[in-house]
Structures are given as C-alpha cells and as structure tokens.
There are 2 protein chains.
Amino acid sequence: MRHAVIMAGGAGTRLWPLSRVARPKQVLRLFGGESLLRHAYERIAGLLEPDAIYVITGSRYLPAVAEELPELPERNLLGEPQGRDTANAVGLAAAVLRQRDPDAVMGIFTADHIIMPIDRFRDALDLAYGVAEREANALVTLGVRPSSPHTGYGYVRRGAALAERVYGVEEFTEKPDLARATEYVAAGNYYWNSGMFTWRAATILDQLHKYLPKSYEGLSQIAVAWDTPQRQERLERVYPTLIKISIDFAVMERAEHVLVVEMDCQWVDVGSWTAFESLVSADADGNVNAASATLNLGSRGNILVSEDDHLIATIGVDDLVIVHSADATLICTRRDAQSIKELVARVRQQFGEKYV
Amino acid sequence: MRHAVIMAGGAGTRLWPLSRVARPKQVLRLFGGESLLRHAYERIAGLLEPDAIYVITGSRYLPAVAEELPELPERNLLGEPQGRDTANAVGLAAAVLRQRDPDAVMGIFTADHIIMPIDRFRDALDLAYGVAEREANALVTLGVRPSSPHTGYGYVRRGAALAERVYGVEEFTEKPDLARATEYVAAGNYYWNSGMFTWRAATILDQLHKYLPKSYEGLSQIAVAWDTPQRQERLERVYPTLIKISIDFAVMERAEHVLVVEMDCQWVDVGSWTAFESLVSADADGNVNAASATLNLGSRGNILVSEDDHLIATIGVDDLVIVHSADATLICTRRDAQSIKELVARVRQQFGEKYV
C-alpha cells in the first residue's frame, strides 16, 4: 500500500519571531490561515487516505501537529525525542511502516515549500509511486525543473531516460556557485534536489543496513517496540545514540539504483521572509501584505507579516521586513533578513528562552 | 483652601496606536510604568492632599482615570459628557469647587507634559497659589522660561515686576514663526504659555460671567445640581449646549488683572513620538528605547515604544519610530511622525473603530 511521510522538524530560525523553539515554521499560519504543514498534507490528501499519511517531527511539536492535522490518526504521528537528521527520521518512519505493512511503499515529503500547481505535483507523485512499486530496488527522487540558477539548492544530474519523465541519476551535486548554477540550468539535464522521495520501506531499510548499519540496528530495535508499551523507553534510550547524518549523504549519493522523476512545478522554499515576495502578490506600491490587517501610507517594497488580526501600519518606510508575533516584533531591512539567526542568538543571550 | 484641577481630556491621536478613543494619552504608561496623569498628580501631591486634587476629563475616560489615581475620592473626578474646550472645563471645575468651598483657590494643570525638576515646579506653584490668595482679583498664569525658539507654543510677554518672579502680563501671543520665536527668546521677557493657572474659583467665575455669560449661566445651573441626584440629567442637558472656546481666547487675552509667575523648568510636551528623544536617554547608537524589551542590531537613531514586555527587535534600520500596542503596530520614519493623524483617519476609513 502507498504511504506518505511528511517530515516536519526544524525550528526555522530565519522565520523568527513567528517560528519558535516550541512552534516550528511548518505549523505557522502564514497564507490565508493555512500552514505549510496543512498545505503539504492537502497536496498529498488528493492521492492518499488520511490513514496512510504520517508526520514525523520532534516530540515537543506533536501537540501543534495534531492540532493542525486533526484528520490524522494519533498512531500516524511519529515523535523524535531529538533531531538526528533526515537519515534517521526517514529510517524510523520506514521501520515503523514496515512493521505495520511489510509491503509498504512510501513517499517522503518536506513541509518547507509551497508547490504550485497542485495537479502537476500529484501527477509527478503518482508517477514516482508507480516507479517505486514496479522497480522493487529503486530509490526514486523527485527533481524539480529549475526556474532560476538558485544557489541555495543541491542539483541532480539526470542520465538515460527510462520512461517519460523518469531518468537514471548520474550525480547529486552540492549547492553550486552562481556561475555553475547558471551552467546547470542552461544544460537542461539538471533538476533541483527536492528532498522528496518514493521507495519501498524494505528497500530504503536495506540501503540503511548497507550504508549506516548502526542506525539500521537501532531503528529496528525501536520499531519492534513501537506499538508496545516499551516504545518510549526504547526510543529515548536508543534514538539519541544514532549518528546525525542526512539521507542524501548517507544513502542517495552512494546507492546504485537511483532514479529521478521530473516535477515541473513552481517550488518555493519558505525558508526566509524574503521568500514571501514569490508567494504573495504585491500591491501597487510593491508591498507584500501577508497579514490580515495592513495599511501603508507612502511606503514601498515592504514585506508585512502577521498570523492574527493585529494591524501593521506604516508611513514612508521602504524595503523593510516587518513581522508581528504575539510577544515580539521584528523590523529589519530586506538585505538584513539573512542576519535573523544572529539576532535570535543575541535575543537568547539577552533575554534567555523567553522570546526564542 | 488650595485645590488643584488636572485637565485630562483629548485623545492624543499623534500618539496612536497607544492612545485610543477610549484611552487618552494621559493614562498611557510610557515612562517606567508611570503615566503622564500619574506624573501630573505626583507633582502636585507634594503640595496638596489628595482630597484637594481634582481631575476633569471626558466621562468615558473616568474609569481609566480612577484606576490610574486610586488615591482620589470619587467625588473629585469630574466627567464631561463631551468636550467643550478649556473655558468650559475650567468653568465647570470652578463652579463645582465654589459650590463646595466658597473660598476655594484653584490651580489648573495639564497632564500633557513632563516637567523637571519637580522641586522647582513646586516652588513656582507655591508662589502662584500665594499670589492668587493675596490678590483676590488676579488671574495668574505660569510662564515657562523658553529653552528654545519653539514654534508649537504660544508665548506670554511679561510687563512690570510685582515681586520676585511675579510680573504683570503685557500680551499673550499666537504660536510664532521661527524668526519671531527666536526674537522672543533673545528678548528675554517672553515665556511659554504653559496652560497652567492659579486663581480664586470666584474670580475666574466672575470673569466668565463677564466674557462668556451663557457658559457662566449654564455652568452655574449644572453646579447647583452637581452633588444631587439631578447631576447627570442637568449635565447632559446643559453642557453640550455650551460654546466651544479655550480659556485663553475667552478670558486670558481679554481680562485686566493677569499676572505671570516664572517657572524655570524643563517642560516637554509629550504630544508626539519624536518628543521621546527629549525624555529618554538614547543608547550608544542613538536608539531611544522606551520599551522594556528591545534589541537593536546595527540600527541607529530609532525610537522604540511599548507599554508592556513585548520585544521589539531591529536589524539595520535607521531613524524610525516603532510603536507596539496590543492590537496594532506603527512603523514610520521620524519625519513622517507628523502624518500619524492622517494615518489614523485612513485606519478608521478602512477598518472602522476597531483600531482607533
């Protein structure tokens, strides 16, 4: 049976002050009241029943996730006691799934992006599930046709075509510099590495057994205890001992039978406030009003964000990022949005955990 | 006996979004938790007992005033059903006071200013009460020695000295242009017109009888009913019919026996956010942090205001005014702070009464 696993970890410091230690960016209601997690769920819910959709996240985020996705059975919410990077998150989900359904085919999804249009995403996803079903040993990655020479993503170079929109993978690349990224886009045979995959649970576990045997061993121990009273004890004892490593480094860049399915969608990383200008239409003065109540008097090119009905009103300011949260407000220039991590570190230093 | 009347009307739109229709600027807790009204009260409380201190304000502000000054007996809080300018506010207070104490000597005070140092203020005030006690027919105005050619104040030209720091008044002037204000300051015989006065209640009522007979008549009718069950009916029937006019226009500029007592204090109008730089010391980067939690990273010359412990954090922004309130945030350039009235009108137009 087809399953989906949405990975929703990561605090998302660059989206402070809305994202917080106890409230990851995926549950923020940024776009007309819909969170990124909700978007991710609904994109998949068109193909799968709620029973088949899982979320894996930090244990402390489970209540927020459950509130955001009340459709999901509690048993489909997998909590990690601490983050051990994507190889272990993927492995834990695969081990639990295989325990419950030995023939499970699974998709791995992130909740950091806005993807449009949804029907093309679902087409590509359906295709990728089909490939994983037919090719028992394949690891399938979803590759996004690049719309710009983005230097913040890794790229995948495709090889021979196996079917329409299905290729072998020749190489995963690191994040390139601009010159190289421009070459990649011009060449036409590179995709953005989306971090979304499909495979059989048994297949990815075999690969982990091969390339990351200690994790495989630990995750298997946790999985047999998962649907028993020993889960928590086992999880808290074993999981923190696993080595932090990404699924790309641990498996994808080393495995043999890796395929890529082309996804021709707009794919926007909501990793920083400046990403909002790709997501929300600006008004006539170039202000991006991602808040329910804003008023700009002679102000241009600002990004205004609030989750609730708090009013943000400006006069004569240009090119700022202004974000309201219940207990903190950020005002910075667009070009300084990259310094938010540093700001948050300073906030922690000065005020402790109160505002972080 | 000496009494004091603090006038605390006026919404103070230029201090939006902290000042609101139902919450005038005088009760805002802007400086270390003390409101302007509290400051005004405590300046006077060094000279008079709480029983002798009155506040006159709009009826809708009475609960906020009572909360801010719990020391005052309820009978000392005088509510106007609507604003009829200072001639009628002063006249109403005088009529009620004379009703209660025919020999009342009263001081009139505003709550819009920070005045320092307090002991010099009290010296001048004590002197002004003494003059009003000795000179039964005198209207005494407190004149502030100008520290700059401020074009936002009216000026008082003094005449012959009657005693140390006590002079006759030759003329009240309109707000001058800068050239004229500079002349006034250089001349040395001009004071800022503070809007603070002392006189006998009977004396100011005589003057109102002479120059504003309809108000005198109406206020007398209200006063006789004040400490009876008819107060509210009488007040609501008569007060709105009175002509709106200031005590300066109606009486001070026309009366004969007007004196000025010199007050040598720092006297800062807290009428706009930019006034805060005269009141709160800036940090090393020139940021005025009038909020309990602020953090500025590479930002200079900003004014940050919040009443509560909401954090305001900035990166790389200069010369802004940033004000947080529970349901609205203002971000504007310093030079645009004068457009706040226009902004508030636009807010009302777009969102109704919700944020004003």
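Data block above holds the structure.
What counts as what
- Residues numbered from 1 in each chain as written.
- Chains lettered and ligands numbered in written order.
- Predicted model: local features only at pLDDT ≥ 70, side-chain atom pairs only at ≥ 80, totals over all residues.
- Heavy atoms only, no water.
- Helix = DSSP H or I, 4+ residues; strand = E, 2+ residues; numbered from the N terminus.
- Rg over C-alpha atoms; globule rule 2.2 N^0.38 Å.
- Buried < 20%, exposed > 50% of the residue type's maximum accessible area, 1.4 Å probe, protein only.
- Contact = heavy atoms within 4.5 Å.
- Areas by Shrake-Rupley, 256 points an atom, 1.4 Å probe, with all protein chains shown as cover.
- Lys, Arg positive; Asp, Glu negative; His and termini not counted.
- Charge placed at Lys NZ, Arg CZ, Asp CG, Glu CD.
- Disulfide = S-S within 2.5 Å.
- Phe/Tyr/Trp six-rings, centres within 6.5 Å; stacked < 30°, edge-to-face > 60°.
- Lys NZ or Arg CZ within 6 Å of the ring centre and 35° of its normal.
- Buried area = accessible area lost by both parts, 1.4 Å probe.
- Salt bridge = Lys/Arg side-chain N within 4 Å of Asp/Glu carboxyl O.
- Polar contact = N/O pair within 3.5 Å; in protein donor to acceptor, adjacent residues only side chain to side chain.
- Axes fitted to C-alpha atoms, helices over the stretch in contact; angles between N-to-C directions.
- Parallel < 35°, antiparallel > 145°, perpendicular 65-115°, else oblique.
- Left-handed = near helix turned anticlockwise from the far one by under 90°.
- Nonpolar A, V, L, I, M, F, W, Y, C, P; charged D, E, K, R; others polar.
- Pairing = 2+ DSSP bridges.
- Least-squares fit on C-alpha atoms with pLDDT ≥ 70 in both.
- Expected span 1.5 Å × (residues − 1).

> How would you summarise the overall build of chain A if you had to cite specific residues and measurements?
Along chain A, the regular secondary structure elements total 10 helices and 19 strands. Against the compact-globule benchmark of 21 Å for 356 residues, chain A has a radius of gyration of 21 Å, which places it among compact chains. Burial status across chain A gives 56% buried among its 356 residues. Partitioning the contacts of chain A with sequence separation of at least 6, the portion at a separation of at least 24 is 66%. Total accessible area on chain A stands at roughly 14400 Å², and carbon and sulfur atoms take up 46% of it. Each charge class in chain A can be summarised by its mean position, and for the 37 positive and 47 negative side chains these summaries are 4 Å apart.

> Could you give an account of the state of the cysteines, naming the residues involved and the relevant values?
Here a disulfide denotes a covalent bond joining the sulfur atom of one cysteine to the sulfur atom of another. If you walk through the whole model with that rule in mind, you get 0 disulfides over all chains. Free of any disulfide, Cys 332 of chain B has its nearest cysteine sulfur in Cys 332 of chain A, 18 Å distant.

> Describe the packing of aromatic side chains, naming the residues involved and giving the relevant values.
Taken as a whole and judged by the stated rule, the model has 20 aromatic pairs over all chains. Geometrically, the ring pair formed by Phe 197 of chain B and Trp 199 of chain B is stacked, given 5.0 Å between the ring centres and 10° between the ring planes. Each of the two residues, Phe 197 of chain B as well as Trp 199 of chain B, counts as buried. Three or more aromatic residues joined by ring pairs make a cluster, and in this case those are Tyr 153, Trp 192 and Trp 267 of chain A. Across the ring face of Phe 121 of chain A, the terminal group of Arg 43 of chain A is positioned such that the distance to the ring centre comes to 5.7 Å.

> Can you break down the interface of chain B and chain A residue by residue, with the values?
Listed per partner, the contact involves 38 residues of chain B and 38 residues of chain A. Contact between chain B and chain A buries roughly 2900 Å² in total, counting both sides, with carbon and sulfur atoms accounting for 67%. By the criterion of area lost to chain A, the three top residues of chain B are Leu 311, Ile 315 and Ile 331 of chain B, representing 23% of everything that side buries. Put simply, chain B and chain A have 2 salt bridges between them. Two residues, Lys 354 of chain B and Asp 309 of chain A, come together in a salt bridge whose shortest N-O distance is 2.6 Å. Counting every contact that joins chain B to chain A gives 22 residue pairs in polar contact (both at pLDDT 80 or more). For the side of chain B that touches chain A, the elements supplying multiple residues, two or more each, are β15 (293-297), β17 (311-315), β18 (320-324), β19 (328-333) and α10 (340-351) of chain B.

> A description of the packing of helix α3 (residues 85-100) of chain B against helix α6 (residues 201-211) of chain B should follow, citing residues and the corresponding values.
All names here are of chain B. At a minimum axis separation of 9 Å, α3 and α6 run at an interaxial angle of 130°. Comparing their axes, α6 and α3 come out oblique. Remark: the crossing between α3 and α6 carries left-handed chirality. Residues Ala 87, Val 90, Gly 91, Ala 94, Ala 95 and Arg 98 of α3 touch α6, and the partners they reach there are Ala 201, Ala 202, Ile 204, Leu 205 and Leu 208. Among the residues making up the contact of α3 with α6, the classes are represented as 9 nonpolar, 1 polar and 1 charged.

> Describe in detail the pairing of strand β6 (residues 105-110) of chain B, supporting the description with residues and values.
Residue and element names in this part refer to chain B. Among the 6 residues in β6, 6 count as buried, and that is most of the element. Sheet topology places strand β1 (residues 2-7) next to β6; 6 bridges connect them, and they run parallel. Within the sheet, the bridge partner assigned to Met 7 lies in β6 and is Thr 110. In this sheet, strand β11 (residues 190-200) lies alongside β6 in antiparallel orientation, the contact comprising 4 bridges. Bridge pairing links Met 106 to Trp 199 in β11.

> Residue-level account of the relation of the copies chain B and chain A, with values.
At an RMSD of 0.1 Å, chain B and chain A line up after a rotation of 180° and a shift of 0.1 Å along the axis. Read as a symmetry element, the transformation amounts to a two-fold axis.

> Report on the sheet that holds strand β19 (residues 328-333) of chain A, specifying residues and quantitative values.
Strand order in the open sheet formed by 6 strands is β14(A)-β16(A)-β18(A)-β19(A)-β17(B)-β15(B), with mixed pairing between adjacent strands. In this open sheet, the two strands that pair with only one neighbour each are β14 (288-290) of chain A together with β15 of chain B. Averaged over all pairs of adjacent strands, the angle between their axes in this sheet comes to 5°, without regard to strand direction. Helix-sheet contacts for helix α10 (residues 340-351) of chain A involve β19 of chain A together with β15 and β17 of chain B, and the interaxial angle to β15 of chain B is about 140°.

> Quick rundown of unusual backbone geometry? Include the residues and the values.
Cis geometry is found at the peptide bond from Met 116 of chain A to Pro 117 of chain A, where omega equals -10°. Relative to the helices and strands, Pro 117 of chain A is located in the loop between β7 (113-116) and α4 (118-134). Despite not being glycine, Asp 85 of chain B has its phi angle at roughly 70°, a positive value. With respect to the helices and strands, Asp 85 of chain B occurs in helix α3. Accessibility expressed as a relative area gives 37% for Asp 85 of chain B, which makes it partly exposed. A positive phi angle, close to 55°, is found at Asp 319 of chain B, a residue other than glycine. You can see Asp 319 of chain B is positioned in the loop between β17 and β18.

> Quick one: what's the story with the sheet that holds β19 of chain B, residue by residue and with numbers?
Two pairing modes exist for strands in a sheet, parallel and antiparallel, and in both the strands are linked by backbone hydrogen bonds. Ordered in space as β15(A)-β17(A)-β19(B)-β18(B)-β16(B)-β14(B), the 6 strands form an open sheet in which the pairing is mixed. The sheet terminates laterally at β15 (293-297) of chain A together with β14 (288-290) of chain B, the two strands that pair on one side only. For this sheet, the mean inter-axis angle between neighbouring strands, taken without regard to orientation, is 5°. Relative to the sheet, α10 of chain B contacts β15 and β17 (311-315) of chain A together with β19 of chain B, its axis offset from that of β15 of chain A by approximately 140°.

> Mind laying out helix α7 (residues 213-226) of chain B, listing which residues take part and the relevant values?
Residues and elements named next belong to chain B. Its 14 residues give α7 an end-to-end C-alpha distance of 20 Å, which sits within 8% of 20 Å, the value for a rise of 1.5 Å per residue. Among the residues making up α7, those that are buried are Ser 215, Tyr 216, Gly 218, Leu 219, Ile 222, Ala 223, Ala 225 and Trp 226. Buried residues along α7 sit against β5 (77-80), α3, α6 and α8 (231-238).

> Break down the environment of Ser 19 of chain B for me, citing the residues and quoting the values.
All names here are of chain B. Within the secondary structure, Ser 19 is located in the loop between β1 and β2 (29-31). You can call Ser 19 buried: its relative accessible area is 3%. With 222 residues separating them in the primary sequence, Ser 19 and Thr 241 have C-alpha atoms 28 Å apart. In this structure the side chain of Ser 19 is engaged in a polar contact, spanning 3.3 Å, whose partner is the backbone nitrogen of Trp 16.

All quantities given are derived from atomic positions and should not be read as evidence of function.
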